[in-house]
Number of protein chains: 2
Amino acid sequence: MDRQLDAEVALRLARADQRYTGLRRALVEVLAGAGRPLTIPEILQSRPGLSQSSAYRNVSVLVDADVVRRVTGAGDHGHFELAEDLAGHHHHIVCSSCGRVADVVPSPGLERALDEAARATTGFEVTEHRFDLVGVCAECR
Amino acid sequence: MDRQLDAEVALRLARADQRYTGLRRALVEVLAGAGRPLTIPEILQSRPGLSQSSAYRNVSVLVDADVVRRVTGAGDHGHFELAEDLAGHHHHIVCSSCGRVADVVPSPGLERALDEAARATTGFEVTEHRFDLVGVCAECR
DNA sequence: CCTTAGACGAGAATAGTTCTCATTTCCAAT
DNA sequence: ATTGGAAATGAGAACTATTCTCGTCTAAGG
């Protein structure tokens, strides 16, 4: 696994008073290697023997430590990916048929427009934006 | 309730081989009057006596008939609103603290940028885009 | 080593949502 | 109007993703 990523994750867990255990390292590895948001069942498949309760518990710890982010809006299962400042800012495209989620790298022009929209909003203190495309993936088509 | 909306909903339900019952009319009224996506508990509050199972069932019927759309990514409950072509295209801002969702009307420039991004995506047949802001609402702040 | 706080796994518990089924309502044809 | 059948309704059971509980085990620091 990437050394710098490893060190940054260790730092964030330490900040949250959490240990960087083998299981948590494994979760970070799986998510870093996937290149797209994964569900808990998908994570369990890639690490046979890992118990479901531990997967949920530790993903939750990683979310609280700002290492992992939960992605919603794609079928029944939550999807998980590395935090944006670890994996790079990107958006998602969701298949409306099978729920699969793929990463999309945005253009600078798009980002400028999105930030502008965030600034124009009143009444809320905007902290984040989400831009997802919805469509049908090649397999489902 | 708006006559044109009423007729359009009747048409869509007929297309889906569904009746436009009093309960379904009530649901459309509540959603049209809210001006923001509502959860099932919120809908139940505004129509006392309405049973939970009927609310879920009929909202689902309305979703299948393309009258209502489910909004995800805001807390534990799903939120429901009128379909975009009935209520007008808009985006949402979600309070990360309490889960409340408000509507946001986008600028033409933003829409142009979003459409461009959709066109640039390959591998998927893009049918829709979602752009949500996340922040903290005035009450929670 | 030993101690002890925390992590682990298995399964129970929870909560949002969907399903079942007995009853009622609605519509159409007589 | 009346009746027959198809669909809607409501109460509660069932389902499923997720979280919690608790007894056991691991591992870091003294």
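Above: the structure in question.
Here we summarise the structure given alongside this text. (Residues numbered from 1 in each chain as written. Chains lettered and ligands numbered in written order. Predicted model: local features only at pLDDT ≥ 70, side-chain atom pairs only at ≥ 80, totals over all residues. Heavy atoms only, no water.)

1. Digging into unusual backbone geometry
Residue and element names in this part refer to chain A.
Move 1: The phi angle at D17 is positive, at roughly 60°, despite the residue not being glycine.
Move 2: Within the secondary structure, D17 is located in the loop between α1 (3-15) and α2 (22-34).
Move 3: Judged by relative accessible area, which is 73%, D17 ranks as exposed.
Move 4: We note that D66 has phi near 65°; this positive angle belongs to a residue other than glycine.
Move 5: Looking at where D66 falls in the secondary structure, it is placed in the loop between α4 (52-64) and β1 (68-71). (Helix = DSSP H or I, 4+ residues; strand = E, 2+ residues; numbered from the N terminus. Buried < 20%, exposed > 50% of the residue type's maximum accessible area, 1.4 Å probe, protein only.)

2. A few points about the protein's contact with DNA strand D
Move 1: Residues in close proximity to DNA strand D total 17 residues, the closest being Y56(A), G78(A), S53(B), S54(B) and R57(B).
Move 2: Backbone atoms, meaning sugar plus phosphate, form 69% of the atoms of DNA strand D positioned within 4 Å of the protein.
Move 3: For DNA strand D, a base nitrogen lies 2.9 Å from a polar atom in the side chain of S53(B).
Move 4: Contact distances for DNA strand D include 2.9 Å between a phosphate oxygen and a side-chain N or O atom of N58(B).
Move 5: Per-element tally for the surface near DNA strand D: the top contributor is helix α4 (residues 52-64) of chain B, with 4 residues.
Move 6: Along the lines of polarity and charge, the residues of the surface near DNA strand D split into 2 nonpolar, 10 polar and 5 charged. (Near = heavy atom within 4 Å. Polar contact = N/O pair within 3.5 Å; in protein donor to acceptor, adjacent residues only side chain to side chain. Nonpolar A, V, L, I, M, F, W, Y, C, P; charged D, E, K, R; others polar.)

3. Comments concerning the protein's contact with DNA strand C
Move 1: Not every one of the 16 residues close to DNA strand C is listed here, only the nearest: S53(A), S54(A), R57(A), Y56(B) and G78(B).
Move 2: Taking the atoms of DNA strand C that fall within 4 Å of the protein, sugar and phosphate contribute 69% of them.
Move 3: Within the contact set of DNA strand C, a phosphate oxygen lies 3.1 Å away from a side-chain nitrogen or oxygen of Q18(A).
Move 4: Within the backbone of G78(B), one N or O atom sits 2.8 Å away from a phosphate oxygen of DNA strand C.
Move 5: Among the secondary structure elements, those contributing two or more residues to the surface near DNA strand C are α2 and α4 of chain A together with α4 of chain B.

4. Side note on the state of the cysteines
Move 1: This structure, assessed with the given rule, holds 0 disulfides over all chains.
Move 2: A disulfide-free cysteine, C137(A) has its sulfur positioned 3.7 Å from the sulfur of C95(A), the nearest such atom.
Move 3: According to the relative accessible area criterion, C137(A) is buried, its value standing at 5%.
Move 4: Considering cysteine sulfurs only, C95(B) is the nearest to C98(B), which forms no disulfide, with 3.7 Å between them.
Move 5: The exposure class assigned to C98(B) is partly exposed, which follows from its relative accessible area of 45%. (Disulfide = S-S within 2.5 Å.)

5. Quick word on the packing of aromatic side chains
Move 1: Under the definition given, this model contains 0 aromatic pairs over all chains.
Move 2: Here the basic side chain of R25(A) rests over the ring of Y20(A), its NZ or CZ set 4.2 Å away from the ring centre. (Phe/Tyr/Trp six-rings, centres within 6.5 Å; stacked < 30°, edge-to-face > 60°. Lys NZ or Arg CZ within 6 Å of the ring centre and 35° of its normal.)

6. Quick word on the nonpolar core
Move 1: Counting residues in each nonpolar core, the largest one holds 24 residues, and the members touching the most others are L110(A), L114(A), F131(A), L110(B), L114(B) and F131(B).
Move 2: For L114(B), the residues in contact, after removing those within four places along its chain, are L110(A), L114(A), F131(A), H91(B), H129(B) and F131(B).
Move 3: Of all hydrophobic cores here, the second largest spans 22 residues; its members include L13(A), V30(A), L62(A) and F80(A). (Core = buried A, V, L, I, M, F, W, Y, C linked by side-chain atoms within 4.5 Å. Contact = heavy atoms within 4.5 Å.)

7. Examining the layout of surface pockets
Move 1: As a volume, the second largest pocket reaches approximately 220 Å³.
Move 2: Lining the second largest pocket are 15 residues, with A113(A), E116(A), A117(A), S107(B) and L110(B) positioned closest to its centre.
Move 3: Listing elements by their share of the lining of the second largest pocket, those giving two or more residues are α6 (108-120) of chain A together with α6 (108-120) and β5 (125-136) of chain B.
Move 4: Among the elements that take part in the lining of the second largest pocket, α6(A) stands out by supplying 4 residues, more than any other.
Move 5: Among the residues forming the lining of the second largest pocket, the class breakdown is 9 nonpolar, 4 polar and 2 charged. (1 Å grid on protein atoms, 1.4 Å probe; cavity = no way out; pocket = protein on both sides within 12 Å on 5 of 7 lines; lining within 4 Å. Points joined across faces, edges and corners; volume = space filled by probe spheres on them.)

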